[in-house]
Amino acid sequence: MSNPLLADWDTPFQIAPFERIGDAHFAPAFEKALEAARDEVRAIAENPEKPSFANTIEALEASGEALDKVLSVFFSVAGADSNPKRQELQRDFGPKLAAYSSEVTGNKQLFARVQALWEDRDALGLNDEQARLLMLTHRRFVRAGGGLDGEEDQRMRQIMARLAELGTQFTQNLLADEAEWYMELDDQVIETLPEFLKTAAYDAGREKGLERPVITLSRSLIVPFLQFSPRRDLRERAFRAWEARGANGGKTDNRAIAAEILRLRHERAQLLGYDSFAAYKLETEMAKTPARVEELLGEVWEPAKRQAVADADVLTEMMQADGINGELQPWDWRYYAEKRRKAEHDLDEAALKPYLSLERMIDAAFGVANRLFGLEFRTLDIPLYHPDCRAWEVTRDGRHVAVFIGDYFARASKRSGAWCSAMRGQAKRPNVQGPVVVNVCNFAKGDPALLSYDEARTLFHEFGHALHHLLSDVNYESISGTSVARDFVELPSQLYEHWLEVPEVLEKYARHYRTEEAMPPELLEKMLTAANFDQGFQTVEYVASAMVDLAFHEGDAPDDPMAKQREILDKIGMPHAITMRHATPHFAHVFAGDGYSSGYYSYMWSEVMDADAFAAFEEGAGAFDEERAKALETHILSRGGSADPEVLYTAFRGRLPGVEALLKGRGLMA
């Protein structure tokens, strides 16, 4: 019987035939595709011809196509629709992929070919994009240990295999803790909650096979519960469970895993000649050094903490007025902040949600992309990996651009958070191919699904990442779309959030799901006025996480990461009633893989740019300035990683930004 993962996909836009793919297909397809990739790389390395850009760099770019196809499907379903078999496969595939990667970058014949091209680069007649790809390929080999020999080379391979194994285990432990815990709500408690949260809690209960409403550890449920439930004891119970993910003891505890990951990363950096993993990791980012990251975080931390401390005093007074003595606690903050928002801004988030239905916000994201870039979206009826998924063909001027897939609802089989991935990246060589882009979110299901303002921002954020893929226009897939420096990748996503704040966008799309009436002007004004509400809290919880991440990787690896976390938080004076957005045992950004390790600061780095970039529109003809939109596409969205980020941003804006626009945007200027 043929394996659909290895066959040609005679489907619309060559989308994976999900309806024909079962879990039993993944392992044999993976093994066969992996061996084919090995053969392709071996042929490149052993090619008797003199190294050329075509027979080495472009040949590497074209290798592993079958493996990419298999993995694009597997990792999509493993992250968004996990099951025990897929988790088992992840544990099996991770070390094998790490070993394969080490084989490629550790292949001495292949590295010699890349090195020869690098040394002769000025005589090769390469265009700018080819020169960039050569530089990135050479750098990848060097930073992966291509220049190591003997025992050091062998040790690097062992480290990379073990890190892949640990990252998978960290993720699966977190998923298990999130899926296992829930809290049933009785009739008295459920009646104290707003209608949208009641509906979501009943839906979550039914998913658990219960007739009772429940609160789970999905952010779309637990955050509004902490905001709206007057039951302090239940808020504490829910918060402690949320905070304890990955630190509950037993087989799903992530603390020892985090410690081992940090030790291995430090050893890896030292094998490559770096003082620390942070120094190694940041070398290729816009920030370049840990000192520049510390400078940025320090500039933001003090004004944010000052605002948070002042806010804590106000919330404590409100709590004590309710007859509760003692200190404000982390499970109190959101509840009293919501009461304060209603009192000071006369804004009830529950009143906003009917105007922020998921359908309307999808329309808004598409509508803005149409006005800015001329993109159009047509619904596709094709099989996907889960019934909740939806697909659209993206076109411009009648020409096919891409396929966009949205997977918006929370479920027990999906890891928490929101993300964007490309099942296929844009490229022109070796074959012309349009991207297949997936946005994954964790919104509570409802009929209809209603979003908070923060959730609507998340939808816009992830679609900003999608636009980076959709508008990519380069030759090589490895530098297309979001294949950019980590502290540059969040610029398009965070910049796109600004269009959700544009009054004319909200006036058109923020309409009541029942009556189709526009959001009343006074409610719209209140929502926009309150957009910066509680920024002290939000900034402190984020920056604290970024500071701990950087400290973990700056020097020797800590023996006890939890003790190191406490040390850093004490040193910076973390307010008692605020916790890190991601404590170490559930800090998946940092420990599920290398992506954001030493790099969680990058959201803030990108926000410095996105605040400045949107100001460029405001300084021009407004949010839909055609000239600025064209410049954004030309210099940033279409270019992927084909040039240095500083070059791209300067081409768009004429200069690099400072931190002032960020502080002003967050309302933290003194």
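All values derive from a computational prediction rather than experimental measurement. (Residues numbered from 1 in each chain as written. Predicted model: local features only at pLDDT ≥ 70, side-chain atom pairs only at ≥ 80, totals over all residues. Heavy atoms only, no water.)

1. Focus: unusual backbone geometry
Most of the time, phi is negative for any residue but glycine, and the peptide bond is trans. Our working rule: Starting at the N terminus, helices and strands are each numbered in turn, a helix being any DSSP run of H or I of at least four residues and a strand any DSSP run of E of at least two. Buried residues are those whose accessible area, probed at 1.4 Å on protein chains only, stays under 20% of the maximum for their type, while exposed residues exceed 50% and partly exposed ones sit between those limits.
A cis geometry characterises the amide bond from Arg-429 onward to Pro-430, with omega recorded as 0°. Along the chain, the position of Pro-430 falls in the loop between strand E6 (419-424) and strand E7 (436-443). Residue Lys-288 is not a glycine yet carries a positive backbone phi of 75°. Position of Lys-288 relative to the elements: it lies in the loop between helix H13 (277-282) and helix H14 (290-321). In this structure, Asp-534 takes a positive phi of about 65° despite not being glycine. Looking at where Asp-534 falls in the secondary structure, it is placed in the loop between helix H21 (521-529) and helix H22 (535-554). With relative accessibility at 14%, the residue Asp-534 sits in the buried group.

2. Observations regarding helix H12 (residues 255-271)
So the rule is basically this: By this rule the span expected of a helix is its residue count minus one, scaled by 1.5 Å. Here a residue-residue contact requires only that any non-hydrogen atoms of the pair lie within 4.5 Å.
For H12, spanning 17 residues, the distance from its first C-alpha to its last is 25 Å, which sits close to the expected 24 Å at 1.5 Å a residue. When we look at burial in H12, the residues that qualify are Ile-257, Ala-258, Ala-259, Ile-261, Leu-262, Leu-264, Arg-265, His-266, Arg-268, Ala-269 and Leu-271. Packing partners of the buried residues in H12 comprise helix H7 (150-180), H13, H22, helix H23 (561-572) and helix H24 (588-591). Note on H12: the residue one or two positions beyond its end, Gly-273, has a positive phi of about 90°.

3. Let's talk about the pattern of salt bridges
Keep this limit in mind: The term salt bridge refers to a side-chain nitrogen of Lys or Arg lying within 4 Å of a carboxyl oxygen of Asp or Glu.
This structure, assessed with the given rule, holds 54 salt bridges. In this structure, the salt-bridge partner of Arg-143 is Glu-283, at a minimum N-O distance of 2.8 Å. Here the residue Arg-143 occupies a position in helix H6 (residues 128-143), and Glu-283 occupies one in the loop between H13 and H14, the gap between them amounting to 140 residues. For Glu-283, a relative accessible area of 36% translates into the label partly exposed. Across the salt bridge formed by Glu-236 and Arg-240, the nearest N and O atoms sit 2.9 Å from each other. Pair noted here: Glu-236 and Arg-240 are both in helix H11 (residues 232-243), with a separation of 4 residues, about one helical turn. A relative accessible area of 27% means that Glu-236 is categorised as partly exposed.

4. A look at the sheet that holds strand E5 (residues 399-409)
Sheets are built from strands paired through backbone hydrogen bonds, the pairs being either parallel or antiparallel. As a reminder of what qualifies: Strand pairing is assigned whenever DSSP detects at least two bridges linking the two strands. Only the contacting stretch of a helix is used when fitting its axis, a line to C-alpha atoms as for every element, and angles between N-to-C directions run 0 to 180 degrees.
Pairing within the open sheet is mixed, and its 5 strands lie in the order E3-E4-E5-E7-E6. Single-partner strands in this sheet number two, and they are strand E3 (376-380) and E6. With direction set aside, neighbouring strand axes in the sheet form an average angle of 30°. Examined bridge by bridge, E6 and E7 share 5 bridges and lie antiparallel to one another. Residue pairing across strands places Cys-420 opposite Asn-439, the latter belonging to E7. Lying on the sheet, helix H3 (residues 65-80) is in contact with E5, E6 and E7; it crosses E6 at an angle near 155°.

5. Section: the side chain of Ser-493
Looking at the secondary structure, you find Ser-493 in helix H19 (residues 486-497). Using a relative accessible area of 0% as the deciding quantity, one classes Ser-493 as buried. Here Ser-493 is in contact with Phe-460, His-461, Gly-464 and His-465, once residues within four sequence places are set aside.

6. A few points about the side chain of Thr-137
Secondary-structure assignment places Thr-137 in helix H6. A residue is classified by how much of its surface remains accessible, and Thr-137, at 8% relative accessible area, is buried. Aside from chain neighbours lying at most four places away, what touches Thr-137 is Ile-57, Leu-60 and Val-114.

7. Some points on the packing of aromatic side chains
For clarity, the cut-off: Within 6.5 Å between ring centres, the rings of Phe, Tyr and Trp (the latter by its six-membered ring) count as paired, and their orientation is classed by plane angle as stacked under 30 degrees, edge-to-face over 60, tilted in between.
Counted by the stated rule, this structure contains 37 aromatic pairs. A ring pair is formed by Phe-196 and Phe-228, whose centres lie 5.9 Å apart and whose planes are at 80°; its orientation type is edge-to-face. With a gap of 32 residues between them, Phe-196 in helix H9 (residues 195-207) and Phe-228 in helix H10 (residues 219-228) connect regions that are remote in the sequence. Exposure class is identical for Phe-196 and Phe-228. Each is buried. When the centroid spacing of 5.1 Å and the interplanar angle of 85° are considered together, the rings of Trp-499 and Phe-614 count as edge-to-face. Linking Trp-499 in the loop between H19 and helix H20 (503-509) with Phe-614 in helix H25 (residues 602-619), this pair joins segments that are 115 residues apart in sequence. Both residues of the pair, Trp-499 and Phe-614, belong to the buried class.

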